[in-house]
Amino acid sequence: MSEFLFLYRGGSLMTRSPAEMQATMQKWMTWMKELGEKGHLKDAGHPLDSTVGKTVKGAKKTVTDGPYAEKDLVGGYSLITAKDLAQATELTAGCPIFEVDGAVEVRAIMAM
């Protein structure tokens, strides 16, 4: 098995009612539980705070404020195990972020 990182991008719950937000969170918990029961969830990760952030860049280590445009904003992550990239990509199918027009970026973690 190989390791992959799911980066959850975009998708806003802010326009939803509290009841809709609760239902969506339940879907996330159910999906994560299913991944875990099937042996694919190595670390559920955590949601990231979208209100604070910094970027440090370049040789001069220039610091700028974040976060960035919603489409580029990483809202959270999970560490997944799968036999290959194709299977890891298939595992995103049940992710609730798609219901709020978000995306899952699937990245392979290189063995060192």
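Just above sits the structure.
Everything numeric in this text was worked out from a predicted model, so none of it was measured. (Residues numbered from 1 in each chain as written. Predicted model: local features only at pLDDT ≥ 70, side-chain atom pairs only at ≥ 80, totals over all residues. Heavy atoms only, no water.)

Engineer: Please clarify how the overall build of the protein chain should be interpreted in this entry.
Structural biologist: The helix and strand tally for the protein chain stands at two helices and six strands. In sequence order, the secondary structure elements of the protein chain are arranged as β-α-β-β-β-β-α-β. With the C-alpha coordinates aligned to their principal axes, the bounding extent of the protein chain is approximately 45 × 45 × 20 Å. Taking the contacts inside the protein chain whose residues are at least 6 apart along the sequence as the reference set, 75% of them involve residues at least 24 apart. If you sum the accessible surface of the protein chain, you get close to 7700 Å²; carbon and sulfur atoms cover 59% of it. (Helix = DSSP H or I, 4+ residues; strand = E, 2+ residues; numbered from the N terminus. Contact = heavy atoms within 4.5 Å. Areas by Shrake-Rupley, 256 points an atom, 1.4 Å probe, with all protein chains shown as cover.)

Engineer: Before we go on, may I ask you to explain the pairing of strand β3 (residues 54-57) in this structure?
Structural biologist: Every other side chain in a regular strand lies on the same face of the sheet, so the side chains alternate between the two faces. Alignment of β3 against strand β4 (residues 62-65), held across four bridges, turns out to be antiparallel. Note that in β4 the partner of V56 across the bridge is V63. Joining the antiparallel neighbours β3 and β4 is a turn of four residues, in which G58 adopts a positive phi near 80°. (Pairing = 2+ DSSP bridges.)

Engineer: Mind showing me how you'd approach the environment of G45 here?
Structural biologist: Examined against the element boundaries, G45 turns out to sit in the loop between β2 (41-43) and β3. Judged by its relative accessible area of 11%, G45 is buried. Between the C-alpha atom of G45 and that of F98, which follows or precedes it by 53 residues, the distance is 18 Å. In contact with G45, other than residues within four places in its own chain, are Y77 and S78. (Buried < 20%, exposed > 50% of the residue type's maximum accessible area, 1.4 Å probe, protein only.)

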